[in-house]
2 protein chains.
Amino acid sequence: MTKEIFDDATALRRHLHQHPELSCQEKETSKTLINKLKTECAPHQLIEFDHYGIAATYKGSQPGKTIMIRGDFDALPIEEINEFEHKSIYPGVSHKCGHDGHASVLYALARTLNEKPLEKGTVILLFQPAEENGEGAKGIINDPKFADLAPDYVVALHNLPGYPLHSVVWKEGPFTAAANSIIVKLKGKTSHAAEPEKGFNPALAMAEITQAYLDSNVPDLTDPDFKIATPIYTTMGDTSYGVSAGYGELHYTLRAWKNEVIRQFEKDCEQMAREIGENHGLIVEIEWTQSFFANKNNQTVIDAVKAAAEKHELQTIQRDTPFKWGEDFGIFTEKFPGAMFGIGSGENCPALHNPDYDFPDEIIETATRIFHQVVSNLQH
Amino acid sequence: MTKEIFDDATALRRHLHQHPELSCQEKETSKTLINKLKTECAPHQLIEFDHYGIAATYKGSQPGKTIMIRGDFDALPIEEINEFEHKSIYPGVSHKCGHDGHASVLYALARTLNEKPLEKGTVILLFQPAEENGEGAKGIINDPKFADLAPDYVVALHNLPGYPLHSVVWKEGPFTAAANSIIVKLKGKTSHAAEPEKGFNPALAMAEITQAYLDSNVPDLTDPDFKIATPIYTTMGDTSYGVSAGYGELHYTLRAWKNEVIRQFEKDCEQMAREIGENHGLIVEIEWTQSFFANKNNQTVIDAVKAAAEKHELQTIQRDTPFKWGEDFGIFTEKFPGAMFGIGSGENCPALHNPDYDFPDEIIETATRIFHQVVSNLQH
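Cut-off values and rules
The residue numbers shown here count from 1 along each chain, following its written sequence. Here the convention is simple: chains get letters from A, ligands get numbers from 1, in the order in which they are written. pLDDT decides what is reported in this predicted model: residues at 70 or higher carry local features, side-chain atom pairs at 80 or more are listed and counted, and totals for whole chains, interfaces and linings draw on all residues regardless. Hydrogens and water are ignored here; the side-chain numbers use all heavy atoms of the structure. A run of DSSP states H or I qualifies as a helix once it reaches four residues; a run of E qualifies as a strand once it reaches two. Both are numbered from the N-terminal end. Throughout, exposure labels follow a simple rule: accessible area from a 1.4 Å probe, protein chains only, divided by the maximum for the residue type, with under 20% read as buried, over 50% as exposed, and the rest as partly exposed. Residue contacts follow a heavy-atom distance rule, with two residues in contact if any of their heavy atoms lie within 4.5 Å. Only the protein chains shown count as covering a residue, and every accessible area follows the Shrake-Rupley method with a 1.4 Å probe. Two parts placed together each lose some accessible area under a 1.4 Å probe, and the buried area is that loss summed for both. Throughout this description, the term salt bridge denotes a Lys or Arg side-chain nitrogen within 4 Å of a carboxyl oxygen of Asp or Glu. Think of a polar contact as two N or O atoms within 3.5 Å of one another; within protein, one of them needs to be a possible hydrogen donor and the other a possible acceptor, and neighboring residues in sequence only count if both atoms come from side chains. At least two bridges found by DSSP between two strands is the condition for calling them paired. Comment: axis = line fitted to C-alpha atoms, over the contacting stretch for helices; angle = value between 0 and 180 degrees taken between N-to-C directions. Note that the domain bounds were set by an automatic or database domain assignment. Amino acids are sorted into nonpolar (Ala, Val, Leu, Ile, Met, Phe, Trp, Tyr, Cys and Pro), charged (Asp, Glu, Lys and Arg) and polar (every other residue, Gly among them). An expected span of 1.5 Å times one less than the residue number is assigned to each helix. The copies are overlaid by a least-squares fit using only the C-alpha atoms of residues whose pLDDT is at least 70 in both copies. Should an angle lie under 35 degrees it is considered roughly parallel, over 145 roughly antiparallel, and from 65 to 115 roughly perpendicular; all remaining angles are considered oblique. Here a crossing is taken to be left-handed if its near helix is turned anticlockwise relative to the far helix by less than a right angle, and right-handed if that turn runs clockwise. For this analysis, a ring pair means two rings from Phe, Tyr or Trp (six-membered ring only for Trp) whose centres lie within 6.5 Å, classed as stacked if their planes differ by under 30 degrees, edge-to-face if by over 60, and tilted for the remaining angles. Think of a nonpolar core as a cluster: buried Ala, Val, Leu, Ile, Met, Phe, Trp, Tyr and Cys residues, connected wherever their side-chain atoms sit within 4.5 Å.

## Some remarks on the overall build of chain A
Piece 1. Scanning chain A from terminus to terminus reveals nine helices and 16 strands.
Piece 2. Principal-axis analysis of the C-alpha atoms places the extent of chain A at approximately 80 × 40 × 40 Å.
Piece 3. Split into buried and exposed, the 380 residues of chain A put 59% on the buried side.
Piece 4. Put simply, of all contacts in chain A between residues at least 6 apart along the chain, 81% involve residues at least 24 apart.
Piece 5. Surface summary for chain A: the accessible area is close to 14,900 Å², and the carbon and sulfur share equals 48%.

Here's what the structure looks like:
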């Protein structure tokens, strides 16, 4: 690994930061990455998935495990307030979760694996779109072009403001929460506001569903059965004061440490909405959106991460509880033995999604070395 | 009263029907009426209020009571589906409450009082805008130009589909409900959807306010303390599934038979919203809109209406309970002895606010004769 690689990765990171693209719209980002992979990184195979995802494959001369490393590259609908040279040139869109950095780490790995080929096994570098809305990982895992890749292990990281720069944050078992968002549609019937009894007004059903959902919460973070329903959005009726409302919607995000807990919570929430709505004479329709599986850390893979951190003499920090955010890499750890871990972005780094956040370029090298070491550890 | 007057009033009614204007936008309607009053009806005084209201005054040679008769002239945001010659020429706007007819009755009265002057007393014909949104009567009663009119009695009618054509519908005491619409604004604080406990989410407060309001209802129509809160509109948060909601609104229309009951209900609803909201750490703001006083029928005036109906050998129908709709003439019966009554539009006439409704021209003459007789009765 040379200084040139990390200088180039930093330049790429800043280029991506300056040209951010929202989830499912990463056309130029994908084009930039494909171009650099083709012209600078000579992968054995380059797969272009539908909707901008890319896999670059590197093979060693001897057979071995296939290890997939994933980095995402979508930005957020947040107006950047930083004034540095590489600030976002697109109003209202910016890289406020550091996915510009995650993708650049994978580029540095591609350069490294091209310069010094693997001895054994295979590495798949997965450049993933649309993490923020939960569409990216799902799209790739369902893409027929993904079927042949068949990784033995999957690994990903997230940069973590608030933790010491370069520290490695790890946890056995669940690392990030499972999340899913329910949309409850209640169809009643409008009537004259003077005669609500002649229609079917959803107001009381909405109140009862709200209370039933919030009563279901198990908010103790140390409880393995932790689960919470968060009220996101509701709407009912129109501002016509002569009309009793006849339609309402509730949107809630559900969250749990475990996939099996959220699956049961989903069923319970559907059933509560249907029972309450039908008690009030309403037609109930349910939709789901923005589903995230929990990231379940496999013991072999997280051990390889810990060993890599120790080998590179990095501070390691063990989490007691999972992170509460959803991360769509969970769909990969649900299907393949895998792990997600964190790298500290510095204790004074602005929080993720804050308008002044910026990915710290110093950790590109740290992350690249850790991933490279994890690959080596998993082959032995 | 001549056939010519009623033919002209019918022509005016159809002209107004063809050129409907929404509440507070009745510029051309007002111009048409002023022009006809000036050129055909020679009132002793013609007052033009702000926002399109008009009063035409007729005086007898002897002193006597001053009697104000009110007819409204605003239309509704409803697309007409009728195909007759005088159908609305404006998309999405039509006279679906018959105010075109109410104004034309007042025009016929003006013609009549011009042709055959009063013996004694004064008649004020009040052509009123913006009844539907409760702004018209309020605007006129607060207009300095209204102060000098000082009526002894006030009278108005509404045409009533579902009742026999030409029948006179009356009731002692309250004739239409008091209504007022409350807007409860709950200001909390957004937070990450994974950490609702770090923000102030209004969902539970909204559920509790909904239940408190609906629990307050006294829906028995025969109870003089009848009152209902009808859920009209609510909104909370945005469809960003990563953000716990931080703001919500509830819009309710309150309704009661009596002004004193609704005044207390308003106070109770304000207090419930403030207590519940503040319990949940929210800033509570209250606004009111579309206020309608109950129409309270004075015994002398409603007796004069009944006597007029009997004199003209019209069927009279006594209501057991008030109508539940609000009618902004209530602000006049709150301040002056007065009465509101109904004239049947026919049992097969489409309901008010229905897209196929049309004011029945046959009752212009009936209504004109009743009003004329009421004036005479109140002078003796």
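Don't stop here, the text continues.
## Overview of the interface of chain A and chain B
Piece 1. On the chain B side, the residues contacting the 41 residues of chain A number 41 residues.
Piece 2. Buried surface at the junction of chain A and chain B, summed over both partners, amounts to about 3,100 Å²; 62% is from carbon and sulfur atoms.
Piece 3. Taken as a group, Ile232(A), Met236(A) and Tyr241(A) account for 23% of the area that chain A buries against chain B, more than any other trio of residues on that side.
Piece 4. In this structure, the connection of chain A to chain B is made through two salt bridges.
Piece 5. Across the pair Lys324(B) and Glu197(A) runs a salt bridge whose closest N-O atoms are separated by 3.0 Å.
Piece 6. Taken together, the links from chain A to chain B amount to 17 residue pairs in polar contact (both at pLDDT 80 or more).

## Some details on the sheet that holds strand 16 (residues 338-344) of chain B
The strands making up a sheet associate through backbone hydrogen bonding, with each pair oriented either parallel or antiparallel.
All names here are of chain B.
Piece 1. The strand order across the open sheet built from eight strands is 1-2-4-3-5-16-6-15, with neighbouring strands paired in mixed fashion. Looking along the sheet, the strands with just one partner apiece sit at the ends: strand 1 (45-48) and strand 15 (316-318). Between one strand and the next, the sheet's axes are offset by a mean angle of 25°, whatever the strand orientation.
Piece 2. Pairing geometry for strand 6 (residues 168-170) and strand 15, over three bridges, is parallel. When the bridges of strand 15 are listed, Val 169 appears paired with Ile 317.
Piece 3. Packed onto the sheet, helix 7 (residues 299-311) meets strand 5 (153-160), strand 6, strand 15 and strand 16 and runs at close to 30° relative to strand 16.

## Re the domain arrangement of chain A
Residues and elements named next belong to chain A.
Piece 1. The domain architecture assigned to chain A consists of domain 1 (3-176 + 294-379) and domain 2 (178-292).
Piece 2. Each of domain 1 and domain 2 was reduced to a C-alpha centroid, and the two centroids are 36 Å apart.
Piece 3. Taken together, the 17 residues of domain 1 in the interface contact 10 residues of domain 2.
Piece 4. Around 1,100 Å² of area is buried between domain 1 and domain 2 when both sides are counted, 60% of it from carbon and sulfur atoms.
Piece 5. Applying the counting rule to domain 1 against domain 2 returns zero salt bridges.
Piece 6. Counting across the interface, domain 1 meets domain 2 through three residue pairs in polar contact (both at pLDDT 80 or more).
Piece 7. Broken down by class, the residue content of the side of domain 1 that touches domain 2 amounts to five nonpolar, five polar and seven charged.

## Some points on the side chain of Ser88(A)
Residues and elements named next belong to chain A.
Piece 1. Secondary-structure assignment places Ser 88 in the loop between strand 3 (62-72) and helix 3 (99-115).
Piece 2. Judged by its relative accessible area of 13%, Ser 88 is buried.
Piece 3. Among the polar contacts listed, one links the side chain of Ser 88 to the backbone oxygen of Val 93, at a separation of 2.7 Å.
Piece 4. Filtering out sequence-adjacent residues up to four positions away, Ser 88 remains in contact with His 17, Gln 18, Pro 20, Glu 80, Val 93 and Ser 94.

## Looking at helix 9 (residues 362-379) of chain A
Piece 1. Here helix 9 of chain A contains 18 residues, and its C-alpha end-to-end distance of 28 Å stays within 8% of the 26 Å for a straight helix at 1.5 Å per residue.
Piece 2. Turning to helix 9 of chain A, its buried residues number three or more, namely Ile363(A), Ile364(A), Thr366(A), Ala367(A), Thr368(A), Ile370(A), Phe371(A), Gln373(A), Val374(A), Val375(A), Leu378(A) and Gln379(A).

## Focus: the environment of Arg255(A)
Residues and elements named next belong to chain A.
Piece 1. Secondary-structure assignment places Arg 255 in strand 12 (residues 247-256).
Piece 2. A relative accessible area of 3% means that Arg 255 is categorised as buried.
Piece 3. In sequence terms Arg 255 and Ile 69 are 186 residues apart; their C-alpha atoms lie 26 Å from each other.
Piece 4. Here the side chain of Arg 255 touches Lys 324 through a polar contact of 2.7 Å, landing on its backbone oxygen.

## Re the sheet that holds strand 3 of chain A
Residues and elements named next belong to chain A.
Piece 1. Pairing in this open sheet of eight strands is mixed, and the strands run 1-2-4-3-5-16-6-15 from one edge to the other. Because the sheet does not close on itself, it has two edges, and the strands there are strand 1 (45-48) and strand 15 (316-318). Strand-to-strand, the axes of this sheet are offset by a mean angle of 25°, without reference to chain direction.
Piece 2. Two strands pair when backbone bridges link them, and strand 6 (residues 168-170) and strand 16 (residues 338-344) are joined in this way by two bridges, in the antiparallel orientation. Within the sheet, the bridge partner assigned to Val 169 lies in strand 16 and is Gly 342.
Piece 3. Sheet contacts for helix 3: strand 2 (54-59), strand 3, strand 4 (120-128) and strand 5 (153-160); angle to strand 4, the most-contacted strand, approximately 150°.
Piece 4. Contacts from helix 7 (residues 299-311) reach strand 5, strand 6, strand 15 and strand 16 within the one sheet, and its direction differs from that of strand 16 by about 30°.

## A word on the relation of the copies chain A and chain B
Both copies of the chain are related by one operation, a rotation about an axis with a shift along it.
Piece 1. It takes a turn of 180° to lay chain A on chain B, together with a shift of 0.2 Å along the axis; the resulting RMSD is 0.1 Å. Taken together, the rotation and translation describe the operation of a two-fold axis.
Piece 2. The residues that chain A uses at the interface reappear at the interface of chain B in 100% of cases, marking a shared surface.

## Remarks on the packing of helix 5 (residues 203-215) of chain A against helix 5 (residues 203-215) of chain B
Each pair of packed helices can be summarised by the angle the axes make with each other and by the distance between the axes.
Piece 1. One way to put it is that helix 5 of chain A packs onto helix 5 of chain B with a least axis distance of 9 Å and a crossing angle of 135°. Considered as vectors, helix 5 of chain A and helix 5 of chain B are oriented oblique to each other. Here helix 5 of chain A runs over helix 5 of chain B; the crossing is left-handed. For the pair formed by helix 5 of chain A and helix 5 of chain B, the contact residues are Ala203(A), Leu204(A), Ala207(A), Glu208(A), Thr210(A), Gln211(A) and Leu214(A) on the first element and Ala203(B), Leu204(B), Ala207(B), Glu208(B), Thr210(B), Gln211(B) and Leu214(B) on the second.
Piece 2. A per-class count over the contact of helix 5 of chain A with helix 5 of chain B returns eight nonpolar, four polar and two charged.

## Comments concerning the packing of aromatic side chains
All names here are of chain B.
Piece 1. Counted by the stated rule, this structure contains 20 aromatic pairs over all chains.
Piece 2. Considering the side-chain rings of Tyr 213 and Tyr 252, the 5.1 Å spacing of their centres and the 85° angle between planes classify their relative orientation as edge-to-face. You can see Tyr 213 sitting in helix 5 and its partner Tyr 252 sitting in strand 12 (residues 247-256), a full 39 residues away along the chain. Taken as a pair, Tyr 213 and Tyr 252 share a single burial class, namely buried.
Piece 3. Here the aromatic rings of Phe 341 and Phe 371 are separated by 5.7 Å at their centres, their planes lie at 70°, and the arrangement is edge-to-face.

## Describing the nonpolar core
Piece 1. One finds Val184(A), Leu186(A), Tyr213(A), Val184(B), Leu186(B) and Tyr213(B) to be the most contacted residues of the largest nonpolar core, which totals 56 residues.
Piece 2. Excluding residues within four positions of it along the chain, Tyr213(B) makes contact with Ile182(B), Val184(B), Ala229(B), Tyr252(B), Cys269(B), Glu270(B), Met272(B) and Ala273(B).
Piece 3. Ranked by size, the runner-up nonpolar core spans 53 residues in total, among them Leu37(B), Tyr107(B), Leu113(B) and Phe341(B).

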